[in-house]
Amino acid sequence: MTTRFERVTDEYKEKYPHMKSYAACQSRAFMTGCFSFVAGGAFIFVAQELLKSHIPYNRKHILLAPIAVGTIAAYAVTRHNTRLCQQMWLAMEEKHSEVTPLEERLQEKNQTMTESPKPV
């Protein structure tokens, strides 16, 4: 029995040969974001518990700051890692990326189009 992801990868393997590595990278990016949410929230919660005599707000709002900080940290980490995955995939699929800028790819394409085929 194959999973849906395996069927999709088999179906598009000709067009996107590096799809599995991109999916693995995306999975790592999302799991890192989840870990960042938990770690950031736990850090702020522990800091609040240690400094509870100096915190000026009501105790019933104690989870507001950890959830907010965890969410912001998770978003930032996931966004950064997702961009790295996108750049990796573009580089592997030989499309424009930071590794090969768009201008360079366009110049290569124009050179190959302007070269006339040699007679045999």
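As a reminder, the structure under discussion sits directly above these lines.
For clarity, every value in this text was computed on a predicted model and none was experimentally measured.

(A) Up close: the pattern of salt bridges. The full count for this structure, using the stated rule, is 1 salt bridge. Among the ionic pairs, glutamate 49 bridges to lysine 52, the shortest N-O distance being 3.6 Å. Judged by relative accessible area, glutamate 49 falls into the partly exposed class, the value being 27%. Classification of lysine 52 as partly exposed rests on a relative accessible area of 45%.

(B) Looking closely at the environment of isoleucine 72. When you line up the elements, isoleucine 72 lands in helix α3 (residues 64–92). Judged by relative accessible area, which is 61%, isoleucine 72 ranks as exposed. Sequence separation of isoleucine 72 and glycine 41 is 31 residues, and the distance between their C-alpha atoms is 9.9 Å.

(C) Focus on the state of the cysteines. Under the counting rule described, the total for this entry stands at 1 disulfide. Bridging cysteine 25 to cysteine 85, the disulfide has an S-S length of 1.9 Å. Linking cysteine 25 and cysteine 85, the disulfide has an S-S dihedral of approximately -85° and is accordingly described as left-handed. Here the residue cysteine 25 occupies a position in helix α2 (residues 19–50), and cysteine 85 occupies one in helix α3, the gap between them amounting to 60 residues. Each member of the pair, cysteine 25 together with cysteine 85, is buried.

Reading the values: rules and limits
- Residue positions are given per chain, counting from 1 as you read along its sequence in written order.
- Reporting of local features is limited, given that this is a predicted model, to residues whose pLDDT is at least 70; pairs of side-chain atoms are given and counted only at 80 or more, and all residues count toward the totals for whole chains, interfaces and linings.
- Hydrogens are left out, water is left out, and the side-chain values use all remaining heavy atoms of the structure.
- Should a side-chain nitrogen of Lys or Arg be within 4 Å of a carboxyl oxygen of Asp or Glu, the pair is scored as a salt bridge.
- Using a 1.4 Å probe on the protein chains alone, a residue whose accessible area is under 20% of its type maximum counts as buried, one over 50% counts as exposed, and one in between counts as partly exposed.
- By the criteria applied, helices consist of DSSP H or I runs no shorter than four residues and strands consist of E runs no shorter than two, each listed in order from the N terminus.
- Only a pair of cysteine sulfur atoms within 2.5 Å counts as a disulfide in this structure description.

Any link to function would need more than the numbers given here.
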